[in-house]
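# Observations on chain architecture
Spelled out, the chains give:
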Amino acid sequence: MTFTTTTPHVLIVAALAMFVFTGCAATADTTEPGATAATTAAESLTITDPWVKAADTGMSAAFGTLENTSDTDINVVSATSSSATTMELHETVSDSAGVIVMQQKEGGFVVPANGSYELAPGANHLMMMGLTAPLIAGVDATFTLALADGSTFEFTAPAKDYSGANENYDDSETNK
Amino acid sequence: MTDDEQPSAGRRLSRRHLLLGGAAAGIGAVGAVGIDAATRPDAPALAEPLNGTQTVPFYGVHQAGIDTVPQSNVALIALDLAEGTDAATLRRLLKLLTSDAARLSQGEAALADSEPELAVAPARLTVTFGFGPGLVAAAGGIRPAWLRPLPAFSVDRLDPALGEGDLLMKIASDDALTVAHATRMLLKDSRSFATVRWVQSGFRRAPGSVKPHTTMRNVFGQVDGTVNFVPGTPDFDRLVWGAANNPSWLRGGTGFVLRRISMNLDKWDKLDRSGREASVGRTLHNGAPLTGTNETDEPDFDAKTAIGFPVIAEFSHMRRARSENPDERILRRGYNYDEAPNTDGVSNSGQLFISFQADVDAQFVPIQRRIDELDLLNVWITPIGSAVFAIPPGCAAGSYIGDTLF
C-alpha cells in the first residue's frame, strides 16, 4: 500500500508527487521548505487495510479504514480513480420498510478529529461505476479522495476476489 | 490416550470447563476460559496465557514452518495453476497469498476476510509455500535438478490424485479451526488462478498433552522420528538451508518431500509386541534402541543375541534408514492421518511423511532406495502418494514469497 498527499496550492510539490507516487518519499515532506506549520487535511489522513472488490466490468467498491490524526474533522467530498468512469461516496441505511438500501452520502464522509471512519462491505464505501478495465485479483487500483479544504489524498488498494458486497450493485441499479 | 500422558488434574479441569461451557457459550471462548479459571479454588489472579495468542514470525530469511516446533494440526494443499499462467499472473497470486499468510499468522484478519473473528487465535499458525516444476517453469526460473517426481520404487502404489502439483501450501497451527479458516482464505484468493489438486490433513498430539519436544508417535504406536536435526546447528544449516547445487533463487530455501504412507492397522494387529519392536529395532515403551534403555541412546548394531543373531535385525527399519554417509540425512516433520475407513477394513490410517532437505536426490533418495530394497516394515506400510516441491526462501516485509524467482 502506498499513499501520498498533495497540496494544490503548491503546484511544484503536486507535480513532484505525481512523479514519485509509487514510493513513500512524498508522504512526509510535501510542504514547501520554509512553509509555515499550516497543514492540509490530506497530511493528517491515512488509510489502513485498503482493498477493492475484483470485478470484470460494471461496478465495484473500495474499502478500508480512514484515520484522522489531526484535531479537526476531515471531510471527504468526492473520489476519483483511473479504474472507474465515475465514483460516489455511499452509505447504507434502513429505508422506511426496514430494507437496507444504499445511497449517496449527503455531504460526503466526515472522518472525525483523532478518529477513524470505516469503509466496509455492507456499510459506507467508495462506489466505483463504469470500470475502465477488468479489475482482476491482485492488481493495485489507485484512488484520489478530494477533501473539503481543497487538498487531495491518494492511495492504492489491491483487488481481491470477494463474493459479498452485492448490495452495492443492486441498489445502484435501482437508483439509476 | 494413556493415563501417563494425560494427568488426572487435566481431566478434572476439562470436565468442569465442559459443564460451564454451555452457560458460557454466549460469551465466546475467551469468556468461557475466564469463568473456568475463576471457579478454580486455586485460581491465579491473572488468566493463564492462551495457546491461541502465540505467534511465529512470518517475515525472515527462511520461511516459517520448517524450523518451527511442529504444530499439532496441518493441512497440505497442492494447487494446479490455470493453463497458460504467465509470470505476471503468478506474481499477483503470490502477493495475495503472502499478504494472507503474513496477516493471519500474526492474528490479524486477512484483507477481505469474511470471518475476521476466526483470525484472532493463530496458535502458532504458519503457512509455508512450495513450488513444483510447473510453477518454476511458468515463472521462467531455473529448476533445481531434483525438482521432479521421485524415481519409482517397488513398494510404491501411488495414486496420482494424491501427489505432485504446481503450488504447495503447508498450513499448520495448534488449532484446527485456525487451519480451516486459513485454508478457506488462501483458497478463496487462489480461486481465480488455480484449482485444488489435493488436500491432505494430519495431526500430532494437541499442545499440553505431552511434554514439549516429545518425539511424535505414529498410529502404530511407535516413537517416530527420534533422529532429527536441531534448528540452529551446523547440520541443520548445511543439510536443510544449505545451498547444495541449487539455483540462486532458492538460497535460503530448501527441498520438500511428501510421502503419504498408508499404515495397515488391521494387519499390524496380528503382530505381537516383540515382532513390532523387531520390525523397527526400537522398543514401543519409549523408543529406545533394542540395545539401549533411553530413546536417544546410540544403537549397537554389532550386539548379538545369546544364539548369535543381531539384536537389531538387518531387516529393521532403523538399520535400513540409517546411512554411513552423514550427508544422507533429512529433517523429518511428519504427521498422522486417520480417515474414514474404506473397503479394506475398519481403519484408513497412516502418515504424511514430510521431510526437508537441501538436495532431495542426494539426501532423501538414497534412504528411500535402501528402504525399498529391504525393510521389514514394508509388510505393513505402503506409499500411496508422493510429491516434491522446492521451498523458496522467506521474504522481507513489503515483499512476497517467491520474489527471488522473478
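Each value, and the rule that gives it
- Residues numbered from 1 in each chain as written.
- Chains lettered and ligands numbered in written order.
- Predicted model: local features only at pLDDT ≥ 70, side-chain atom pairs only at ≥ 80, totals over all residues.
- Helix = DSSP H or I, 4+ residues; strand = E, 2+ residues; numbered from the N terminus.
- Buried ≥ 20, exposed ≤ 12 C-beta atoms within 10 Å, placed from the backbone.
- Contact = placed C-beta atoms within 7 Å.
- Domains from an automatic or database assignment.
- Expected span 1.5 Å × (residues − 1).
- pLDDT = per-residue confidence, 0-100.
- Axes fitted to C-alpha atoms, helices over the stretch in contact; angles between N-to-C directions.
- Parallel < 35°, antiparallel > 145°, perpendicular 65-115°, else oblique.
- Left-handed = near helix turned anticlockwise from the far one by under 90°.
- Core = buried A, V, L, I, M, F, W, Y, C linked by C-beta atoms within 7 Å.
- Pairing = 2+ DSSP bridges.

Right, let's get into the overall build of chain B. Per the secondary structure count, chain B includes ten helices and nine strands. The proportion of buried residues among the 406 residues of chain B is 42%. When contacts within chain B are restricted to residue pairs at least 6 apart in sequence, those whose partners lie at least 24 apart make up 76%.

Time to look at the overall build of chain A. Summing up its helical and strand segments, chain A has three helices and eleven strands in all. Put simply, chain A runs from its N terminus to its C terminus through helices and strands in the order β-α-α-β-β-β-β-β-β-β-β-β-β-α. Each of the 176 residues in chain A was classed as buried or not, and the buried ones make up 36%. Considering only contacts within chain A whose residues lie at least 6 apart along the sequence, 65% involve residues at least 24 apart.

A few words now on the domain arrangement of chain B. Structurally, chain B comprises domain 1 (3-39) and domain 2 (51-405). The centre of domain 1 of chain B, based on its C-alpha atoms, is set 33 Å off from the matching centre of domain 2 of chain B.

So, on to the environment of Lys170 of chain B. Residues and elements named next belong to chain B. Positionally, Lys170 belongs in strand S3 (residues 167-173). For Lys170, a count of 24 C-beta atoms within 10 Å gives the class buried. Note: C-alpha distance between Lys170 and Thr128 (42 residues apart in sequence) is 5.0 Å. Every residue in contact with Lys170, bar those within four places of it in the chain, is listed here: Gly65, Val74, Leu76 and Thr128.

Residue and element names in this part refer to chain B. Taking 1.5 Å per residue, 19 residues should reach 27 Å; helix H3 (residues 87-105) reaches 26 Å between its end C-alpha atoms and fits that length. Those residues of H3 that fall on the buried side of the exposure criterion are Leu90, Leu93, Leu94, Lys95, Leu96, Leu97, Thr98, Asp100, Ala101, Ala102, Leu104 and Ser105. Residue Gly107 follows H3 closely and has a positive phi angle near 80 degrees.

Turning our eyes to something else, we now look at the confidence of the model for chain B. With 89% of its residues at a pLDDT of 70 or more, chain B shows a mean pLDDT of 90. Confidence metrics for the complex model read pTM 0.84 and ipTM 0.81.

All names here are of chain B. Running from amino to carboxyl end, H3 crosses helix H5 (residues 176-190) at an angle of 165 degrees, the nearest separation of the two axes being 9 Å. When the axes of H3 and H5 are compared, the pair comes out roughly antiparallel. Handedness of the crossing formed by H3 with H5: right-handed. For the pair H3 and H5, the contacting residues are Leu93, Leu96, Leu97, Asp100 and Leu104 in the first and Ala182, Met185, Leu186, Asp189 and Ser190 in the second.

Detailed reading of the predicted coordinates is not advisable wherever pLDDT is low. Residues and elements named next belong to chain A. Per-residue confidence for chain A gives a mean pLDDT of 81, with 73% of residues at or over 70. Under a pLDDT of 50 for its full length, residues 1-36 has, in the predicted model, 56 contacts with residues more than four places off or in other chains. For the stretch residues 168-176, pLDDT sits under 50, and the model shows 13 contacts to residues farther than four places along the chain or on other chains.

Ranked by size, the top nonpolar core spans 124 residues in total, and within it Ala62 and Leu126 of chain A together with Leu167, Ile171 and Val388 of chain B carry the most contacts. No other element matches the eight residues that H3 of chain B contributes to this core. The contacts of Leu167 of chain B, once residues within four sequence positions are left out, are Leu79, Leu81, Phe129, Phe131, Gly132, Leu135 and Ala194 of chain B.

Attention now goes to unusual backbone geometry. Residues and elements named next belong to chain B. Of note in the backbone geometry, Ala123 takes a positive phi value of approximately 50 degrees without being a glycine. Mapped onto the elements of the fold, Ala123 is located in the loop between H3 and strand S2 (126-131). The class for Ala123 is buried, based on 24 C-beta atoms found within 10 Å.

Moving on to the pairing of strand S4 (residues 74-81) of chain A. Alignment of S4 of chain A against strand S7 (residues 109-111) of chain A, held across three bridges, turns out to be antiparallel. Among the inter-strand pairings, Asn75 of chain A is bridged to a residue of S7 of chain A, identified as Val110 of chain A.

What follows concerns the environment of Gly138 of chain A. Positionally, Gly138 of chain A belongs in the loop between strand S9 (125-131) and strand S10 (140-147). For Gly138 of chain A, a count of 23 C-beta atoms within 10 Å gives the class buried. Placed 21 residues apart in sequence, Gly138 of chain A and Ala159 of chain A show a C-alpha to C-alpha distance of 5.2 Å. With residues up to four places along the chain from it excluded, the contact list for Gly138 of chain A reads Pro158 and Ala159 of chain A together with Arg92, Leu93, Lys95 and Leu96 of chain B.

This part is about the pairing of strand S3 (residues 60-68) of chain A. Residue and element names in this part refer to chain A. Burial of S3 is extensive: seven of the nine residues sit out of reach of the surface. The pairing of strand S2 (residues 45-53) with S3 spans six bridges and is classified as antiparallel. Within S3, the position partnered with Trp51 by the bridge is Phe63. Linking two consecutive strands that pair antiparallel, namely S2 and S3, is a turn of six residues; a positive phi of about 80 degrees is found at Gly58 within it.

To continue, consider the environment of Glu91 of chain A. All names here are of chain A. Structurally, Glu91 can be placed in strand S5 (residues 84-94). For Glu91, a count of 15 C-beta atoms within 10 Å gives the class partly exposed. Contact partners of Glu91, with chain neighbours within four places excluded, come to Gln103, Lys105 and Asn124.

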